[in-house]
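A structural walkthrough
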Amino acid sequence: MNLREQEIVNRLKEEDPKAFKDLFDMFYMPLCVYSLKFSDSYDFSEDIVQDLFVTIWNKKIYLQVEGSIRSYLFKAVKNNTLQALKKKDRYNFEKLDAVVESFILEEKENDIEAIEKAQKKLLQEIEALPEKSKEVFKAIVLENLKYKEVALQLGVTVNTVKTHYSRALKKLRKSLDVIILLLLY
Amino acid sequence: MDNKKKHILKLIANYTAKDISLKELEELEDWINQDNKNKATFNSYVTIYKRAKEANFVKQTNTEYAWNSIVTKLNNTEKFTVDSKKAKENRLHSFIKYAVAASIIFVAGFLYINKTKEVKEDLKDSPAIVVQEPILPGTDKAILTLANGTSVALEKGENYKKDNLNSNGEELVYSPSSSKEIAFNYLTVPRGGQFFVQLADGTKVWLNSDSKLKYPENFTEGKVREVELVYGEAYFDVSPSTDHKGARFKVLSKYQDIEVLGTEFNVKAYTDEDKIYTTLVEGKVSLEKENVKSFLAPGQQAVTKQGIGEVTVQYIDVAAEISWKKGLFTFKRESLKQIMKTLSRWYNVDVVFLNKDLENIEFKGVFNKKQTIEEVLTLIQNTNFINQYKIDGQTVLIN
């Protein structure tokens, strides 16, 4: 376990509220991103992670954690996300979702700098898409809109939306080093 | 061949967009299972999709909101009528102090700058010193209007007792009575207030700020129990029909009627909004508007509009919708205009947007209703979407 984590856990065991904020600062974002790998909704994943923090403080989980708090947190987020997804009326893609999940690596300590660089590049490439493709891609991926909704918004047919969207995916796959995105985190 | 590739790409696109037919899904599965190369191709597209989502999330997420939501949830697990909260509060006191410290420092700084400016201007114009009365969060208070027209102010510390009704100033409870006479009472909750009332049949009603409820002092056994939400927002926990010889319970509001057997639901029908929102927590309700009935399942919200038009029903985040009852404000991607409307009712202030463009910016977050309006506004300000806010008397100016 890394030293900074150990130090936070020690202070938590002394019930230092500031340590709780440090724990939040250190893990909130990475945990949300991890939950997002399984879920598909920002709000949903943020709720999962926030509830976990609430439980940790209210039930003094930090007193019980043996070993690394990092692996405890990531495991808990994974379990809670998958469980909540089961309860939620999830679209029935189980087989394919299993394929996707098999590619999700257990969380490890990451090269944050490299991740930030990759994210920046990805956002740049999205911005560089042709105007219509960009609009469609953003609406579907970033705003979770349905084809029909995007079609209405842009005043085009659903088929046109589909075409723009596949084109955007294809273009991004070409211009990005997918292997790096895959292995990075 | 190229067409086949294009076709598969479309299927993958449909999968990530969650807009795919069962037939397409099967086709895609078969293709993926053909060989590992296909699997890798599929996975690389899904990776693009997921990474784009993540990158955008990291870019747009405000951790300060998230932190505030967590702190708020720690402090608030009880209903607002329960006072066992006090013990809990003490335990967490230092913690919350810490959590809001940053914003308070900021507010203090801001007010200081504001004050010095004001004082300077005052010195120029007149000898009067402007003292800004602090804007306090709302409290438990209401006005009870009896059948004979008398009004009684219900407020903390004021006890009131008459016939079958009893109030400690924080809630109002009607006990069952055998009186045959049907007399209607009104309970009016002003802006900056909230109140709890238990009707003679045992139905519990939580009233939000700026709301008015009309109900009989007692119900006739076996007959439909009818109350009216004249305006505002109320949460009903209806005593089951089985306890009242099958008598159904009806809530009338400006242009819709709700009928239930025994259940929990929330109705929002403000006069300054053109829609009525009915949210079902558990049980079953039917909603009637112009002779058309719709049914709600738990977790669903019906939105009705005045005049002709369909009732729209959709699943929503129920916990967020009814969090006001637990002493929280929960905003899930709401426009600043809507958020300020909600805040204005609770803090009893008027809000003026100096820059109209700001009205449509969307925010999300959870706030404790006990926080001062400055704390809430400061958190919003810290997102850098609004430049500054100013409080002038009972008016909040947003720029």
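Here goes a summary of the coordinates provided. This is a predicted model, so every value here is computed, not measured. (Residues numbered from 1 in each chain as written. Chains lettered and ligands numbered in written order. Predicted model: local features only at pLDDT ≥ 70, side-chain atom pairs only at ≥ 80, totals over all residues. Heavy atoms only, no water.)

Further remarks concern the overall build of chain B. Summing up its helical and strand segments, chain B has eight helices and 23 strands in all. Across the 399 residues in chain B, those meeting the buried criterion constitute 49%. Within chain B, residue pairs in contact and separated by at least 24 positions form 53% of the contacts whose partners lie at least 6 positions apart. Here chain B displays about 19500 Å² of accessible surface, and carbon together with sulfur accounts for 51% of that area. (Helix = DSSP H or I, 4+ residues; strand = E, 2+ residues; numbered from the N terminus. Buried < 20%, exposed > 50% of the residue type's maximum accessible area, 1.4 Å probe, protein only. Contact = heavy atoms within 4.5 Å. Areas by Shrake-Rupley, 256 points an atom, 1.4 Å probe, with all protein chains shown as cover.)

Among the nonpolar cores identified, the biggest contains 79 residues, and Phe20(A), Phe53(A), Phe137(A), Ile140(A), Tyr165(A) and Leu28(B) are the most heavily contacted of them. In terms of residue count, the dominant contributor to this core is helix H2 (residues 17-38) of chain A (13 residues). Non-local contacts of Ile140(A), meaning those with residues more than four positions away in its chain, are made with Leu145(A), Tyr147(A), Val150(A), Val161(A), Tyr165(A) and Ala17(B). Judged by nonpolar contacts, the second largest core, of 40 residues, contains Ala142(B), Val205(B), Val267(B) and Leu296(B). (Core = buried A, V, L, I, M, F, W, Y, C linked by side-chain atoms within 4.5 Å.)

Now for the pairing of strand S15 (residues 285-289) of chain B. All names here are of chain B. For S15, the buried fraction is high: four of the five residues fall into the buried class. With four bridges connecting them, strand S12 (residues 256-260) and S15 associate as antiparallel partners. Counterpart to valine 260 in the pairing with S15 is valine 285. Pairing analysis gives five bridges linking S15 to strand S16 (residues 292-296), with the strands arranged antiparallel. Considered in S16, the bridge of serine 286 is made with phenylalanine 295. Taking the residues that link successive antiparallel strands as the turn, the S15-S16 hairpin has two residues, and the phi of glutamate 290 there is positive, at about 45°. (Pairing = 2+ DSSP bridges.)

Turning next to the sheet that holds strand S22 (residues 389-392) of chain B. Residues and elements named next belong to chain B. Spatially, the three strands line up as an open sheet ordered S20-S23-S22, and their pairing is mixed. The strands lining the two open edges of the sheet, one partner per strand, are strand S20 (350-353) and S22. When the angles between neighbouring strand axes are averaged without regard to direction, this sheet yields 20°. With four bridges connecting them, S22 and strand S23 (residues 395-398) associate as antiparallel partners. Paired with aspartate 392 across the two strands is threonine 395, which belongs to S23. On the sheet, helix H7 (residues 336-347) packs against S20 and S23 and is oriented at approximately 160° with respect to S20. Strands S22 and S23 of the sheet are contacted by helix H8 (residues 373-381), whose axis makes an angle of about 160° with S22. (Axes fitted to C-alpha atoms, helices over the stretch in contact; angles between N-to-C directions.)

Residues and elements named next belong to chain A. Tracing the backbone shows lysine 13 in helix H1 (residues 3-13). Classification of lysine 13 by relative accessible area gives partly exposed; the value is 38%. Sequence separation between lysine 13 and lysine 60 is 47 residues; the distance between their C-alpha atoms is 8.7 Å. Discounting chain neighbours no more than four positions away, the residues touching lysine 13 are Tyr62, Leu63 and Val65.

Counted by the stated rule, this structure contains 25 salt bridges over all chains. Residue Arg11(A) is joined to Asp22(A) by a salt bridge in which the shortest nitrogen-to-oxygen separation is 2.6 Å. You can see Arg11(A) sitting in helix H1 and its partner Asp22(A) sitting in helix H2, a full 11 residues away along the chain. As far as burial versus exposure is concerned, Arg11(A) and Asp22(A) are alike and both buried. For Asp163(B), the salt bridge identified is with Lys162(B), shortest N-O distance 3.0 Å. (Salt bridge = Lys/Arg side-chain N within 4 Å of Asp/Glu carboxyl O.)

Angle between the axes and distance between the axes are the two parameters that describe a pair of packed helices. All names here are of chain A. Where H1 meets H2, the axes come as close as 8 Å, and the angle between the chain directions of the two elements is 145°. Two packed elements cross with a definite hand, and for H1 against H2 that hand is left-handed. Across from Arg4, Glu5, Ile8, Arg11 and Leu12 in H1, the residues of H2 making contact are Lys18, Ala19, Phe20, Asp22, Leu23, Met26 and Phe27. (Left-handed = near helix turned anticlockwise from the far one by under 90°.)

A separate point is the packing of helix H1 (residues 2-16) of chain B against helix H3 (residues 36-60) of chain B. Residues and elements named next belong to chain B. Between H1 and H3, the least distance of the axes is 10 Å, while the angle of their chain directions is 40°. The orientation of H1 with respect to H3, classified from their angle, is oblique. Along this stretch, H1 crosses H3, giving a crossing that reads as right-handed. Counting all contacts with H1, which are made through Leu9, Ile12, Tyr15 and Thr16, the residues of H3 involved are Phe42, Tyr45, Val46 and Tyr49. Residues of the contact of H1 with H3, tallied by class, amount to seven nonpolar, one polar and no charged. (Parallel < 35°, antiparallel > 145°, perpendicular 65-115°, else oblique. Nonpolar A, V, L, I, M, F, W, Y, C, P; charged D, E, K, R; others polar.)

Turning our attention to the pairing of strand S13 (residues 264-269) of chain B. Residues and elements named next belong to chain B. With six of six residues buried, S13 lies mostly within the body of the structure. The side-chain alternation of S13 yields two buried faces, one formed by Glu264, Asn266 and Lys268 and the other by Phe265, Val267 and Ala269. In this structure, strand S10 (residues 225-237) lies alongside S13, joined through six bridges in antiparallel fashion. From the neighbouring strand, tyrosine 235 faces S13, where its bridge partner is asparagine 266. The sheet contact formed by S13 and strand S14 (residues 275-282) spans five bridges and is antiparallel. Each residue of the ladder has a partner; that of lysine 268, found in S14, is tyrosine 277. Remark: five residues form the turn of the hairpin made by S13 and S14, two consecutive strands paired antiparallel.

The analysis is restricted to geometry; functional conclusions fall outside its scope.
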